[in-house]
Each structure stands twice: as C-alpha cells, then as structure tokens.
Amino acid sequence: MIISWNTTQACNINCLHCYRDAGAKLADELSTVEGKKLLAEIAACGFKIMVFSGGEPLLRPDIFELIRYARSLGLRPVLGTNGTMITPKLARELKAAGLAVAGISVDSREKAKHDWFRQSEGAWEQTMAGIDACRQGGLPFQLHTTVMNWNEDEVTDITDLAVELGAIAHHIFFLVPAGRGKDIAETTLKTLQYENLLARILEKQRQVKIELKPTCAPQFMRIARQKGIPLRFSKGCLAGTTYCVILPNGDVQACPYFPVKAGNVKTTDFTVLWRENALFRELRTAPLKGRCGGCGFTDICGGCRARAYYYSDGDYLAEEPWCTGGI
C-alpha cells in the first residue's frame, strides 16, 4: 500500500502541468504536529510506502523531522522533488533522516525543452546537479517523466539517461488534466498513442535492469499480460483501493488528479476516512461502466479513474476514454 502527502503548496518553479497549481504556501497547511499525527494514522492503516511530495517538499523546514518520524513508524519514506534544491550536504541529510529514494523529475533529454516545461531557466542544470549530489551522498534516486505529445518520442531515451545516471527506476507519468494540466489538456496522448508507447515501454523493460513503471496508464498491466511480460505490480489504477493522497490542507482524495474530497484529517482521523468513507468504499466495490466494466482486465487494470472523472463530467466510475479495451 502506498500513500502520498502533498506536504506544501509552495514551489520554487512553475511547471506547466502542475496538478497542484503550486506556487505560494497556503496558510492552512498541516503543521508538524498535525503531520506527525497523520503519519501515525497512516502507519496504523497498514500503508508501507510514504511519498512526501508537493509543491516542492524540500521547502518545508520540517521535512527531515517528518521523514525521520515516518521511518520510526516503519514506513518507507520516499520523496517527489524537482531536484533543483538538492546539494551534496542535503542529500546526506536526507539519507541520514531515513529517506529511501528521491524521485526526481526529468521531462526531456534536451535542456531547453525541460526548462521550458518547468518554466524555469537553468532547471535542467540544477536538476542534474541534484542528481549528482544524490550519487555523491549515496542516496538512491529514480527519474520521473511526465508524458505528452511533444516528448513521447523521447521516453525510452530518457530511460537510457536514467541508466546512464545511475537511477534505480524510471517512472513515467501520463498526463491527466488537473490543476494547471487542464491548460495543456490537448497535449495528452490519445488511444493509439497510449497503446503504442506503453508497448514500447514494456519492451524496453526487457532490455534494462532498472524498473520502468507507467503511472496513470493502468492498461499497461493488460498489455504486459498479453505480451507475457512479468511485472511485480498487482494492479494499474490504485485510487481509493491501496492508494490515496493527502493535500497540503489535510483534505483527502483517492488520487491527486480527481478532486473529489473524502474528508479532512484535521477534523476526522485518517483511519476512519480510509476504512469507512463512502468514496473509498465505492471505488473498492462498485462495478465500472462501459468498456472498463466488460473488457475482462478489470482485476489488473481498473482504468484511470481520474481520467474517467475528467472526461465524463465527474463520473469516476466511467470507462477510461483512451483505452482500446484490449481489442
């Protein structure tokens, strides 16, 4: 089980696709005390992987304390960061605090493209310096890439870059229109583009030793089964079943990309929300609609619930719009 906490809305860059529409810190973000209470409740629910993200989580002055506390609870702390703030000293401090892995965003092998997408001149060089700092500090790291129609041809080349840099994994995020991502919805890959790229990624997995993981493209599980490619994952879309997200102000959602609020941890214990909330119960038990309900791969795929929500005017049980349905 895996969970994300968007620890802050603050960010030092202004990425075009940001699902949090990050920038300035919010006045009502969870405090250190509230954050520790949340972490204890997360551990009590049986979660194993604790993702600290943002915004930019390194802008939280208590991030080391939160990582240490998560580790003390038996959680495996990982970080989602743009990498621009990581110095050799900070990498060593993150490792000492108990951070298991830093997930660092790289969206192109070309510096100018990455900087444009991140809306920050020099971001590429700063990120590469952050990656080098992780290597120097002995902190494992992986690359995160958001896929759109302008960089889809680069994806497996970025995998090669990940190998060259010494990353342990390359996680590939397929754009879902949320936050500022709604402004670039036209760049999302459509059905055949998705299918072809997922097939390329899975074939690439045969060639490299690092882990490749498509995210927000759960049909990769169906394609892997059809191609006979063994994977360690059990299901594509985990929203509300073995995954959820906590927003900076304590709101709880099944997924960062569809804005249906299950509750708030400031007023209701997370354990109660996770075990009893109607949204989560529905996502765990209700039959999916359309092709997602009849394709025969629901048990391992589930269709992207966030994309279904966006493209069906709020029906998160609707069919995934950009899937072939296994045909």
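With that settled, the discussion passes to the environment of Asp153. Looking at the element boundaries, Asp153 is found in the loop between strand 5 (141-147) and helix 6 (155-165). By relative accessible area, which is 62% here, Asp153 ends up exposed.

Below, the discussion takes up the packing of helix 1 (residues 32-44) against helix 2 (residues 63-72). Packed helices, taken two at a time, are described by the angle between their axes plus the distance between the axes. At a minimum axis separation of 10 Å, helix 1 and helix 2 run at an interaxial angle of 20°. Judged by the inter-axis angle, helix 1 sits roughly parallel to helix 2. Crossing of helix 1 over helix 2 shows right-handed handedness. In this structure, helix 1 contributes Thr32, Gly35, Lys36, Leu39 and Ala40 to the contact, and helix 2 contributes Glu65, Leu66, Tyr69 and Ala70. Among the residues forming the contact of helix 1 with helix 2, the class breakdown is five nonpolar, two polar and two charged.

The side chains of a regular strand alternate between both faces of the sheet. The buried count for strand 7 (residues 211-215) comes to four of five residues, which makes it a mostly enclosed element. Across five bridges, the pairing between strand 6 (residues 169-174) and strand 7 is parallel. What sits directly across from His170, in strand 7, is Leu212. Handedness of the β-α-β unit built from strand 6, helix 7 (residues 191-207) and strand 7 comes out right-handed.

Tracing the backbone through its elements, the reader meets Tyr257 in the loop between strand 9 (251-253) and strand 10 (261-264). Looking at Tyr257, the relative accessible area reads 15%, which means it is buried. Taking the C-alpha atoms as reference, Tyr257 lies 15 Å from Ile172; in sequence the two are 85 residues apart. If we ignore the near neighbours within four places in the chain, the residues touching Tyr257 are Tyr19, Phe173, Val176, Ala178, Cys216 and Ala306.

Turning our attention to helix 1. Between its first and last C-alpha, helix 1 extends 18 Å over 13 residues, near the 18 Å set by a 1.5 Å rise per residue. Taken as a whole, helix 1 has its buried residues at Gly35, Leu38, Leu39, Glu41 and Ile42. Seen along its axis, helix 1 keeps its buried residues to an arc of 165°; they face one direction. Along its buried surface, helix 1 packs onto strand 1 (2-6), strand 2 (49-53), helix 2, strand 8 (243-246) and helix 9 (270-276). Backbone geometry just downstream of helix 1 places Gly46 in the positive-phi region, at approximately 95°.

A few words now on empty space enclosed by the protein. It is a probe the size of a water molecule, rolled over the atoms, that shows where empty space is left. Within this structure, the stated rule accounts for one cavity of 30 Å³ or more. The calculated volume of the largest cavity comes to roughly 120 Å³. Taken together, 14 residues line the largest cavity, and the ones lying closest to its centre are Cys292, Cys295, Cys301, Cys323 and Gly325. Here the lining of the largest cavity is built from residues that sort into six nonpolar, five polar and three charged.

All right, on to helix 10 (residues 278-285) then. Turning to helix 10, its buried residues number three or more, namely Leu279, Phe280 and Leu283. Within helix 10, the buried residues cover an arc of 95° as seen down the axis, which keeps them to one side. Turned more than 90 degrees away from the buried face of helix 10 sit Ala278 and Thr285, all of them exposed. On its buried face, helix 10 is in contact with strand 8, strand 9, strand 10, helix 9 and helix 11 (305-311).

Rules used in this analysis
Residues numbered from 1 in each chain as written. Predicted model: local features only at pLDDT ≥ 70, side-chain atom pairs only at ≥ 80, totals over all residues. Heavy atoms only, no water. Helix = DSSP H or I, 4+ residues; strand = E, 2+ residues; numbered from the N terminus. Buried < 20%, exposed > 50% of the residue type's maximum accessible area, 1.4 Å probe, protein only. Axes fitted to C-alpha atoms, helices over the stretch in contact; angles between N-to-C directions. Parallel < 35°, antiparallel > 145°, perpendicular 65-115°, else oblique. Left-handed = near helix turned anticlockwise from the far one by under 90°. Contact = heavy atoms within 4.5 Å. Nonpolar A, V, L, I, M, F, W, Y, C, P; charged D, E, K, R; others polar. Pairing = 2+ DSSP bridges. Right-handed = clockwise from strand over helix to strand, strands pointing away. Expected span 1.5 Å × (residues − 1). Arc of directions from axis to C-beta. 1 Å grid on protein atoms, 1.4 Å probe; cavity = no way out; pocket = protein on both sides within 12 Å on 5 of 7 lines; lining within 4 Å. Points joined across faces, edges and corners; volume = space filled by probe spheres on them.

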